[in-house]
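Observations on chain architecture
Okay, here's what each chain looks like letter by letter:
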Amino acid sequence: MKLIVLSDIHLTVEGRPIIGINPSERLDLALAHAGRHHPDAARYVLLGDLAHLGQNRAYRALAGRMNALGKPFTPMLGNHDNRENFRKAFPTAPDDGAGFVQSHLDTATDRLIFLDTLHPEATPHHSGHLCAARLGWLERALNGAGGRRISVFMHHPPLAVGFPGMDAIALANPADFWAIAKGKIAHLFCGHVHRTISGHTHGAGFSIFKSPAHQMPMDMTSADSAISVAEPGAYGIILLNDDAIIAHSEDFTGGESVAFIPTRYPGAG
């Protein structure tokens, strides 16, 4: 099973740029690139921060693009999103019964769990939070997996990744998450940081994906969570194989990626 992941799309209204980048144009490039190179993708996952300012028009624009693909997709929420406005544009989006955009998807071998970490009242601002209702839903989803391998998708990472500014606005209650999830999940997929990061924590692998638009610079000293750099845009590719979970990051801007022609380098064996 192949999944395409678009994290931190940050759509704006009327093409308003973010550090000189037009998020709408970047989304169109990403979808076109993924459509050409990965027509066998089974599903698209939109890993939160869909609209930069949570505006209705941005969500409508995103819904139009995604519906036109003719592929199943799972939209998720991040700290820049507005749950009410999102619902207007995505009326059939998953609902966990308590108003949160949470769901799970089962295959013969895997259970994919999609969490809603948006919490406008979280402290500090822009951090994520999983309330008791969401944690209870997660526990039931984990316990009901029926022996399937479990992957969890959430916008805010429940761990520090070495960027002080972003670590300060990660999931605000990671201990609550791990008290339920530790030992039960195989892999964790997150966004929020705008950087390709991977590792292992609490017995699970994790992957964090870049944005199609602006990125977090490799600055491991700044406490500013708003600094950004115009590095190439990217999307993620997840392969759920019988014996492995594989995560790729594909840069689709920056020149060569869009019209890539493989060339053997001199001296290759």
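In short, a report on the structure.

In this section: the sheet that holds strand 10 (residues 234-240). The five strands are arranged 3-2-1-10-11 in an open sheet whose pairing can be described as mixed. Each edge of the open sheet carries a strand with a single partner, namely strand 3 (73-76) and strand 11 (245-251). The average undirected angle you get between the axes of adjacent strands in this sheet is 20 degrees. Judged from the four bridges that link them, strand 1 (residues 2-6) and strand 10 form a sheet pairing that is antiparallel. Across the sheet, the residue bridging to Lys 2 is Leu 239, located in strand 10. Contacts from helix 1 (residues 23-37) reach strand 1, strand 2 (43-47), strand 10 and strand 11 within the one sheet, and its direction differs from that of strand 1 by about 170 degrees.

It is worth spelling out helix 4 (residues 132-143) at this point. Look at helix 4: 16 Å from first C-alpha to last across 12 residues, which is about the 16 Å you get at 1.5 Å a residue. Listed as buried for helix 4 are Arg 134, Leu 135, Trp 137, Leu 138, Ala 141 and Leu 142. Mapping the buried residues of helix 4 onto a view down its axis gives an arc of 160 degrees, with all of them on the same face. For helix 4, the exposed residues lying more than 90 degrees away from the buried face are Ala 132, Arg 140 and Asn 143. Among the structural elements, helix 3 (83-89), strand 4 (103-106), strand 5 (110-114), strand 6 (149-154) and helix 6 (174-181) are those in contact with the buried residues of helix 4.

Attention shifts here to the sheet that holds strand 8 (residues 197-201). Spatial strand order, 4-5-6-7-9-8: six strands in an open sheet with mixed pairing. A single partner strand is all that each edge strand has here, and the edge strands are strand 4 and strand 8. Strand-to-strand twist in this sheet, taken as the mean axis angle between neighbours without regard to direction, amounts to 20 degrees. Sheet contacts for helix 4: strand 4, strand 5 and strand 6; angle to strand 5, the most-contacted strand, approximately 175 degrees.

Topologically, Thr 253 is positioned in the segment after strand 11. A relative accessible area of 13% means that Thr 253 is categorised as buried. Reaching out from Thr 253, the side chain makes a polar contact with the backbone nitrogen of Gly 233 at a distance of 2.8 Å. Discounting residues that sit within four places of it in the chain, Thr 253 has contacts with Arg 26, Leu 29, Pro 232 and Gly 233.

Looking now at the side chain of Gln 102. Among the secondary structure elements, Gln 102 is positioned in the loop between helix 3 and strand 4. A relative accessible area of 1% means that Gln 102 is categorised as buried. Among residues more than four places away in sequence, those in contact with Gln 102 are Pro 94, Asp 95, Asp 96, Phe 114, Leu 115, Asp 116, Leu 130, Arg 134 and Trp 137.

Two aromatic rings, taken as a pair, are described by how far apart their centres are and by the angle between their planes. Taken as a whole, this structure holds eight aromatic pairs when the rule is applied. Centre to centre, the rings of Phe 177 and Trp 178 are 4.9 Å apart; their planes meet at 75 degrees, and the pair counts as edge-to-face. In this structure, Phe 177 and Trp 178 share a single accessibility class: buried. Ring geometry for Tyr 235 versus Phe 252: centroids 6.0 Å apart, planes at 25 degrees, classification stacked. Taken as a pair, Tyr 235 in strand 10 and Phe 252 in the segment after strand 11 lie far apart in primary sequence, 17 residues in all. Note on Phe 252: relative accessible area 0%, which makes it buried. A connected cluster of aromatic rings, assembled from ring pairs, spans Tyr 59, Phe 73, Phe 86 and Phe 90.

All right, on to the pattern of salt bridges then. All chains considered together, the criterion is met by 11 salt bridges. A salt bridge links Arg 57 to Glu 14, with the shortest nitrogen-to-oxygen separation between them at 3.6 Å. Taken as a pair, Arg 57 in helix 2 (residues 56-69) and Glu 14 in the loop between strand 1 and helix 1 lie far apart in primary sequence, 43 residues in all. We note a salt bridge from Arg 87 to Asp 95, for which the minimum N-O separation is 3.2 Å. Connected through salt bridges with shared partners, the residues Arg 83, Asp 116 and Arg 134 form a single ionic network.

About the cut-offs
- Residues numbered from 1 in each chain as written.
- Predicted model: local features only at pLDDT ≥ 70, side-chain atom pairs only at ≥ 80, totals over all residues.
- Heavy atoms only, no water.
- Pairing = 2+ DSSP bridges.
- Helix = DSSP H or I, 4+ residues; strand = E, 2+ residues; numbered from the N terminus.
- Axes fitted to C-alpha atoms, helices over the stretch in contact; angles between N-to-C directions.
- Contact = heavy atoms within 4.5 Å.
- Expected span 1.5 Å × (residues − 1).
- Buried < 20%, exposed > 50% of the residue type's maximum accessible area, 1.4 Å probe, protein only.
- Arc of directions from axis to C-beta.
- Polar contact = N/O pair within 3.5 Å; in protein donor to acceptor, adjacent residues only side chain to side chain.
- Phe/Tyr/Trp six-rings, centres within 6.5 Å; stacked < 30°, edge-to-face > 60°.
- Salt bridge = Lys/Arg side-chain N within 4 Å of Asp/Glu carboxyl O.

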